[in-house]
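Structural features, examined
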Amino acid sequence: MKYRLHGVNSKSVIAAVGVWDPLTYNHLNLINFILKRSNYLKCNSCIVIIYPKPSYFLFKNTNSIYLSDIKFIINKILSIGITSILEVTFESKSDVLKNATHFIPAILKHIRLKELYMSPTQSFGQGEDGNQKTISKLAIKYSFKSKIIPQSVFHFKPKRINANQKLIQLLNGGFSFNKQIMPFPPTYFIINKNEIPLPYKNGKYVIGLKKCLDSKITKTLSVKLRNNKIVLDPSLKDKYHWMVIVRGPP
């Protein structure tokens, strides 16, 4: 595994661990909960991002499908106010098969955990050495608190269509971004990139281009997705930093 810390790491942290793609409204609720808790305890906040998704290594012929690239996820979470992000990169299947007894001491080399929040079913690896009972024992050993995320955090109810159905719709290529379902459209960092790989159905797409992450789209283009990638005009890479998928094939 590789570890890379983004942001400030000067105090003990309140943290949560996950993949964080796509960034959903409930992810934003959890981030705001972590922020409030860290402010209350006068700590820093930290989001631990596991990348790529474990399924990339665990299941043969299964791609790690991302609605947005990792750079967007990191920058967007930091822009919301989280103090630091610990990016944990899996490099092989053996990394995925490691469990809490390895994972917890490893991340503690980079952050000082005060409280770690998990969902009721979350684990770090397979088997007994990855379950929450083991994590609780490690918390005692390393002097931090292991806590369950309050159920009230997950109060967002999608309208019309749930997030999984929306994901299937997106991957099939036929979508217009619907903010009632997800807060952010699929977004990719494009500086110095001529080819942008995408997991969607081949066809015509409308993309938006912008200079800064939180700025408005200043240019829209109709492009073709061929062989699961969009080829951008080289002149665009110096003018724009971010590409947003606005609309897919009808």
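Everything numeric in this text was worked out from a predicted model, so none of it was measured.

Structural notes on unusual backbone geometry
The omega angle of the peptide bond from Asp-21 to Pro-22 is -5 degrees, so this bond is cis rather than trans. With omega at -10 degrees, the peptide bond leading from Tyr-51 into Pro-52 counts as cis. Within the secondary structure layout, Pro-52 lies in the loop between strand E3 (44-51) and helix H2 (55-58). Its identity as a non-glycine residue notwithstanding, Lys-42 has a phi of 55 degrees, on the positive side. With respect to the element layout, Lys-42 can be found in the loop between helix H1 (25-40) and E3. A residue is classified by how much of its surface remains accessible, and Lys-42, at 67% relative accessible area, is exposed. At Ser-143, a position not held by glycine, the phi torsion is positive, near 65 degrees. Assessed through its relative accessible area of 63%, Ser-143 is described here as exposed.

Regarding the sheet that holds strand E10 (residues 219-226)
With respect to topology, 6 strands assemble into an open sheet ordered E7-E12-E9-E10-E11-E8, the strand pairing being antiparallel. A strand with exactly one partner marks an edge of an open sheet, and here the two such strands are strand E7 (187-189) and strand E8 (195-197). Between one strand and the next, the sheet's axes are offset by a mean angle of 35 degrees, whatever the strand orientation. Alignment of strand E9 (residues 203-210) against E10, held across 7 bridges, turns out to be antiparallel.

Topic: the side chain of Glu-115
The topology assignment puts Glu-115 in strand E5 (residues 112-118). On the accessibility criterion, Glu-115 (3% relative accessible area) is buried. Only 2.9 Å separates the side chain of Glu-115 from the side chain of Arg-37, close enough to count as a polar contact. Excluding residues that lie within four positions of it along the chain, Glu-115 makes contacts with Val-13, Ile-14, Ala-15, Arg-37, Leu-41, Lys-145 and Lys-147.

What about the pairing of E5?
Walk down a regular strand and you will see the side chains alternate between the two sheet faces. The buried count for E5 comes to 5 of 7 residues, which makes it a mostly enclosed element. Relative to E5, strand E2 (residues 12-18) runs parallel, the two sharing 5 bridges. Bridge pairing in E5 links Ile-14 to Glu-115. Pairing of E5 with strand E6 (residues 145-148), which is carried by 4 bridges, proceeds in the parallel orientation. Within E6, the position partnered with Leu-116 by the bridge is Ser-146. For the crossover from E5 across helix H6 (residues 132-142) to E6, the handedness is right-handed.

Conventions we followed
- Residues numbered from 1 in each chain as written.
- Predicted model: local features only at pLDDT ≥ 70, side-chain atom pairs only at ≥ 80, totals over all residues.
- Heavy atoms only, no water.
- Helix = DSSP H or I, 4+ residues; strand = E, 2+ residues; numbered from the N terminus.
- Buried < 20%, exposed > 50% of the residue type's maximum accessible area, 1.4 Å probe, protein only.
- Pairing = 2+ DSSP bridges.
- Axes fitted to C-alpha atoms, helices over the stretch in contact; angles between N-to-C directions.
- Polar contact = N/O pair within 3.5 Å; in protein donor to acceptor, adjacent residues only side chain to side chain.
- Contact = heavy atoms within 4.5 Å.
- Right-handed = clockwise from strand over helix to strand, strands pointing away.

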